[in-house]
Amino acid sequence: MSSKLSRAQAGKRIEKLRSLINDYRYHYHVLDESIMSDEAADSLKHELSELETEYPDLITLDSPTQRVAGAPLPGFKQIEHSSRMLSLNDVFNESEIVAWETRIIKLLPDTAKLEYFVDIKMDGLACALIYKDGLLSHAVTRGDGLIGEDVTSNIRTIESVPLSLRNTSEYSSFLKGYTEVRGEIVMYKDEFAALNEKRKKEGKPLFANPRNTAAGTIRQLDPSLVASRPLHFRAYDLIRENPNEVATYSVAYKVLKHLGLLVNKESKVLTTRKEIMEFAKDWELKRKDLPFNTDGLVIKVNDRAIYRRLGVVGKAPRGAIAYKYAAEQATTKVKDIFVSIGRTGAATPVAMLEAVVIAGSTVQMATLHNESEIAKKDIRIGDTVIVHKAGDIIPEVIEPLVRLRDGREKIFKMPEHCPECSTKLIKYKEADAVWRCPNQSCPSRSWKRIEHFASKEAMDIDGLGEKNVIALLAAKLINDPADLYILTAEQLLQLDRFAEVSASKLVKSIQAKKSPPLARFIYSLGIRHIGIQTAVDLANHFRDFNKLMSVTIEELSDIDGIGEVVAEAVVEWFNETRNITLINKFKSLNVWPVVVKKTGGKLSGVSFVVTGTLEAMGREEAAERIRSLGGTFQSAIGIDTDYLVVGANVGASKLTKADKLGTKKISEKEFLNLL
Ligand code: IVH
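To keep things clear, this report deals only with the structure shown in the data block. Quick caveat: nothing in here was measured; it's all calculated off a predicted structure.

A look at the site of the ligand
In step 1: Residues in contact with the ligand amount to 14 residues; listed here are only the nearest, Ile120, Met122, Arg142, Glu184 and Tyr236.
In step 2: A distance of 2.5 Å separates an oxygen atom of the ligand from a polar atom in the side chain of Glu184.
In step 3: Here the ligand has 510 Å² of accessible area as a free molecule, and 90% of this is covered by the chains.
In step 4: Only strand E3 (116-122) and strand E10 (294-301) provide two or more residues apiece to the shell around the ligand.

Section: the nonpolar core
In step 1: One finds Leu129, Ile155 and Phe233 to be the most contacted residues of the largest nonpolar core, which totals 68 residues.
In step 2: When residues no more than four places from it in sequence are discounted, the contact partners of Ile155 are Cys127, Leu129, Ala139, Val161, Ile185 and Ile218.

Focus: the environment of Glu500
In step 1: By the secondary structure assignment, Glu500 is in helix H15 (residues 500-511).
In step 2: Taking the C-alpha atoms as reference points, Glu500 and Val551, 51 residues apart in sequence, are found 45 Å from one another.

Considering unusual backbone geometry
Negative phi is the rule for most residues except glycine; trans is the rule for most peptide bonds.
In step 1: The residue Ser422 is not glycine, and still its phi comes out positive at about 65°.
In step 2: Exposure remark for Ser422: the relative accessible area of 53% places this residue in the exposed category.
In step 3: A positive phi angle, close to 60°, is found at Lys476, a residue other than glycine.
In step 4: Its place among the elements puts Lys476 in the loop between helix H13 (466-474) and helix H14 (489-493).

Comments concerning the sheet that holds strand E26 (residues 664-667)
In step 1: As summarised here, the arrangement of the four strands in space is E24-E23-E25-E26, forming an open sheet in which the pairing is parallel. Each edge of the open sheet carries a strand with a single partner, namely strand E24 (632-634) and E26. Between one strand axis and the next, the sheet turns by 30° as a mean value, whatever way the strands run.
In step 2: Where helix H22 (residues 619-628) meets the sheet, it contacts strand E23 (607-611) and E24, and its direction lies at approximately 150° from that of E24.
In step 3: Set on the sheet, helix H23 (residues 652-661) makes contact with E23, strand E25 (643-646) and E26; between it and E25 the angle comes to about 155°.

Focus on the packing of helix H3 (residues 94-107) against helix H9 (residues 273-286)
In step 1: Close contact between H3 and H9 brings their axes to 11 Å; oriented N to C, the two are set at 140°. Taken as axis vectors, H3 and H9 run oblique relative to one another. Every pair of crossing elements has a handedness; the one defined by H3 and H9 is right-handed. For the pair formed by H3 and H9, the contact residues are Glu94, Ile97, Val98 and Glu101 on the first element and Arg273, Ile276 and Met277 on the second.
In step 2: Of the residues belonging to the contact of H3 with H9, the class tally is four nonpolar, no polar and three charged.

As for the state of the cysteines
In step 1: Applying the stated criterion across every chain yields a total of zero disulfides.
In step 2: Unpaired in this structure, Cys442 has its nearest cysteine sulfur neighbour in Cys421, at a distance of 3.8 Å.

Notes on the pairing of strand E7 (residues 178-186)
In step 1: Counting buried positions along E7 yields eight of nine residues, so the element is predominantly enclosed.
In step 2: Bridge count between E7 and strand E8 (residues 232-240): eight bridges; the pairing is antiparallel. Residue pairing across strands places Arg182 opposite Asp237, the latter belonging to E8.

A look at the pairing of strand E14 (residues 329-341)
In step 1: Relative to strand E18 (residues 384-388), E14 runs antiparallel, the two sharing five bridges. If you follow Gln329 over to E18, its bridge partner there is His388.

Criteria and cut-off values
Residues numbered from 1 in each chain as written. Predicted model: local features only at pLDDT ≥ 70, side-chain atom pairs only at ≥ 80, totals over all residues. Heavy atoms only, no water. Near = heavy atom within 4 Å. Polar contact = N/O pair within 3.5 Å; in protein donor to acceptor, adjacent residues only side chain to side chain. Areas by Shrake-Rupley, 256 points an atom, 1.4 Å probe, with all protein chains shown as cover. Helix = DSSP H or I, 4+ residues; strand = E, 2+ residues; numbered from the N terminus. Core = buried A, V, L, I, M, F, W, Y, C linked by side-chain atoms within 4.5 Å. Buried < 20%, exposed > 50% of the residue type's maximum accessible area, 1.4 Å probe, protein only. Contact = heavy atoms within 4.5 Å. Pairing = 2+ DSSP bridges. Axes fitted to C-alpha atoms, helices over the stretch in contact; angles between N-to-C directions. Parallel < 35°, antiparallel > 145°, perpendicular 65-115°, else oblique. Left-handed = near helix turned anticlockwise from the far one by under 90°. Nonpolar A, V, L, I, M, F, W, Y, C, P; charged D, E, K, R; others polar. Disulfide = S-S within 2.5 Å.

This is how it looks when you write it as structure tokens:
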């Protein structure tokens, strides 16, 4: 957030920010609780430091920006670490990885090619296990990196910590002398949820997140309490007196596994930046499937002699970095709240925000869902709020930071009339806090309906985005989706937006979509509550649009997966005269869904997407063989894809999409059997 505050205003804001950040730190470090996400707190610290840069005379010695972190806790015996437990410098994008790589390569003029050892960065607390002649001697937390707390009795209760190292003939030398294992103590997400569930039933206060709970548990003075909480130790480093015994991190992980320790099986040796970026993108998506929380990767130079040669700057080794995924939360200010009318007429309050980068993209708007949600969360215009955004989801306001208010915040009131067409808004259903614009011809509804109709997942009409739809409506060239099919290139040329090539291209891509698959057609109509999956279910059940048109609520409710709300919405839609007029218009223009018959040739009516590399053939050959048997080869998964053939080295995004659409995934072997 950039400030345009006067010195006096900045002073007041700074005080409020410091007090809130200090409270966050106290709860986090002393009470092992969390009053907001780290990401939101980071965002506030960033704002504070920007204000302090602008007004340096307002910096005080006790400002949270002036603090150096970490000190061992009293209550436990203190133990000095054999070597300093370092932290890692963070990088946030590919170019920062390149900069790191360039820096270290410069320091290693005689090294030809570096190998990197890449692992998931676990979100827990660091701990060192010291084994003497193979027996667990003591366990020490990180503390300030030099001195940590002796938590041996507590660590001994963790099942994944071997009390003695496993003896295997190959690595028996590690059972002699000093062996130190460093790693992360984590609580798994599902076990954390179960623990909180139990506490809820017992009426006990809930824990904030797995890491704080793990940290708080390890610092309990009563080992029996620790034993009752599910904790896990996952190793990431192995230290011996003679460092040459473990030449690389990949060897370290192999030995650790043999000695009976748990290591991340996801870790990998990679050589090129491309591989690292692919690994990062992959795990950013798949991380939700890991048992523990993670916010990035650890990338280390695999060769430990080189790693040591690179040395340490400040508190971090030069030979390793933490690659952090984009934060999914940040704080910003609500500049205003306005009401947006959706294609079904729903009036949704939307927060206009001071621009902020979240999860890699700039966020300026966030949905507030409905009136009662705003009231419940008490979100006011002018509030500093925590905003959440992950992947493709619509940004959402989580909560206002009430303590940062200065008294000028305004309470939002739902307008009585539609901001687009001034029609009086109505409450859709009494119990429903959703207001709707009842005007079927409300301009906002029209363009959103047509934009939805043309969208990728619906009729997939190339070149018909939001701006073109608005321009066509404004020029009165179209009124409804059916009008698209009578558009001519000459008409389009009347608009500034089109030249000859683009005009004929758009007309062509519209005409190419006159016989859509039934599921796409159903989805494209924008019937309330009909998402892609429901459209597929309806298409598979009815196989004929005419049948769907005359269906009753009872018949619909009998279908697996179709509830009453959906059934009512479908019947209601087909009961509206204007919708029937639209359907008849489609019919008269020969725009009609096709029912793909799944009989005939071996693969006729069956569509495939191939992802990853196949061993037996290239993509082109796969496409040809599918087509020669009457099947359809598609380049991207859609609602009409039957099979996703999963080859080697597959990116997570396609798999996630297949899961979302319920597409059947098959291996290359299964695919070959089908052929
Ligand atoms: S390697 C110099 N590997 O992240 C320390 N650390 O910010 C290099 N961490 O203190 C350690 N998962 O507690 C490594 N797979 C992993 C890790 C990991 C979590 C923690 C560790 C370290 C901190 C560095």
